[in-house]
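Results of the structural survey
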Amino acid sequence: AQSVTQLGSHVSVSEGALVLLRCNYSSSVPPYLFWYVQYPNQGLQLLLKYTSAATLVKGINGFEAEFKKSETSFHLTKPSAHMSDAAEYFCAVSKRAAGNKLTFGGGTRVLVKP
Amino acid sequence: KAGVTQTPRYLIKTRGQQVTLSCSPISGHRSVSWYQQTPGQGLQFLFEYFSETQRNKGNFPGRFSGRQFSNSRSEMNVSTLELGDSALYLCASSLGGGETSNEQFFGPGTRLTVL
């Protein structure tokens, strides 16, 4: 079975500082990988996805993630945090098969300090 | 294009009752997936429907069921509610079909509270 581990349930960053959220997955075959963001009282919004094209994936709002097969990682970064980045972030994987079953990590809540 | 809509947004029920939640996908999307989000268990996959057929199923008891209509709208039903069923239920739609990384678009969720 696939699993996703997000290191750190809470991360605090200063405005303008680097945001780094860690995600590791376990899968015998490289899966599809996703990062979603959830703002309070809202659903999930896709930030970016990896589907076996370029290993460095650029997403919305200045976020990017790098797929590293040797490390089974898909860490999310943003060079300069903005107050609006305060939210919960979820890493997710799905198998390369028909269907849309997403397996999510536990989530990382980001706090941005002025 | 309208996004994924879920009704109702908030619901309060008592133990033992049943509840039906509704999800209207984005126009043209044929796949609808349901997820349960709780503080303790996080986001968990319930099931996925594609062209009125259940295509994937998570590890939930039979009290949780769903269906999809010919217009792709979906409902999920929870019978004999338990306190632990209190959660945010999220619906996601996608184009569906084939071995592809279909992007799933999530609705705002239905917040179910069981008393």
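You'll find the structure just up there.
Quick summary incoming for the structure in this document. (Residues numbered from 1 in each chain as written. Chains lettered and ligands numbered in written order. Predicted model: local features only at pLDDT ≥ 70, side-chain atom pairs only at ≥ 80, totals over all residues. Heavy atoms only, no water.)

Describing the environment of Tyr89(A)
Residues and elements named next belong to chain A. If you trace the backbone, Tyr-89 turns up in strand E9 (residues 87-94). Along the backbone, Tyr-89 and Pro-79 are 10 residues apart, and their C-alpha atoms lie at a distance of 16 Å. When sequence neighbours within four positions are dropped, the list of residues in contact with Tyr-89 reads Gln-6, Leu-21, Trp-35, Tyr-36, Val-37, Leu-47, Phe-63, Leu-76, Gly-107, Thr-108 and Val-110. At a separation of 2.6 Å, a polar atom in the side chain of Tyr-89 contacts the main-chain carbonyl oxygen of Asp-85. (Helix = DSSP H or I, 4+ residues; strand = E, 2+ residues; numbered from the N terminus. Contact = heavy atoms within 4.5 Å. Polar contact = N/O pair within 3.5 Å; in protein donor to acceptor, adjacent residues only side chain to side chain.)

Regarding the environment of Ser73(A)
All names here are of chain A. Here Ser-73 is to be found in strand E8 (residues 73-78). On the basis of relative accessible area, Ser-73 is assigned to the buried category, the value being 1%. In the structure, Ser-73 is positioned 36 residues away from Arg-109 in sequence and 19 Å away in space, judged by C-alpha atoms. (Buried < 20%, exposed > 50% of the residue type's maximum accessible area, 1.4 Å probe, protein only.)

A look at the interface of chain B and chain A
On the side of chain A, 19 residues touch chain B, which itself brings 25 residues to the contact. Regarding the contact of chain B and chain A, the summed buried area is about 1800 Å², with carbon and sulfur atoms giving 51% of it. Taken together, the links from chain B to chain A amount to zero salt bridges. Summed over the shared surface of chain B and chain A, the result is two residue pairs in polar contact (both at pLDDT 80 or more). For the side of chain B that touches chain A, the secondary-structure elements that each account for two or more residues are strand E4 (31-38), strand E5 (42-50), strand E6 (53-57) and strand E9 (87-94) of chain B. (Buried area = accessible area lost by both parts, 1.4 Å probe. Salt bridge = Lys/Arg side-chain N within 4 Å of Asp/Glu carboxyl O.)

What to know about the pairing of strand E1 (residues 3-7) of chain A
All names here are of chain A. Burial along E1 is one-sided: Val-4 and Gln-6 are buried, and none of Ser-3, Thr-5 and Leu-7, which face the opposite way, are. Here five bridges tie E1 to strand E3 (residues 19-26), and the two strands are oriented antiparallel to one another. Its bridge partner being in E3, Thr-5 is matched across the sheet by Asn-24. (Pairing = 2+ DSSP bridges.)

Considering the state of the cysteines
All names here are of chain A. Inspection of every chain in the model, using the stated rule, returns two disulfides over all chains. A sulfur-sulfur distance of 1.9 Å marks the disulfide that ties Cys-23 to Cys-91. Handedness here is read from the sign of the S-S torsion; for Cys-23 and Cys-91, about -60 degrees, the answer is left-handed. One end of the pair, Cys-23, is in strand E3; the other, Cys-91, is in strand E9, and 68 residues separate them in sequence. You'll find Cys-23 and Cys-91 in the same group, each marked buried. (Disulfide = S-S within 2.5 Å.)

Some remarks on the sheet that holds strand E1 (residues 5-7) of chain B
All names here are of chain B. Taken in spatial order, the four strands line up as E1-E3-E8-E7 in an open sheet, and their pairing is antiparallel. The outermost strands of the open sheet, each flanked by one partner alone, are E1 and strand E7 (64-68). Sheet twist, expressed as the mean angle between neighbouring strand axes with direction ignored, is 20 degrees. Judged from the five bridges that link them, E7 and strand E8 (residues 74-78) form a sheet pairing that is antiparallel. Bridging from a neighbouring strand, Ser-65 pairs with Asn-77 of E8. (Axes fitted to C-alpha atoms, helices over the stretch in contact; angles between N-to-C directions.)

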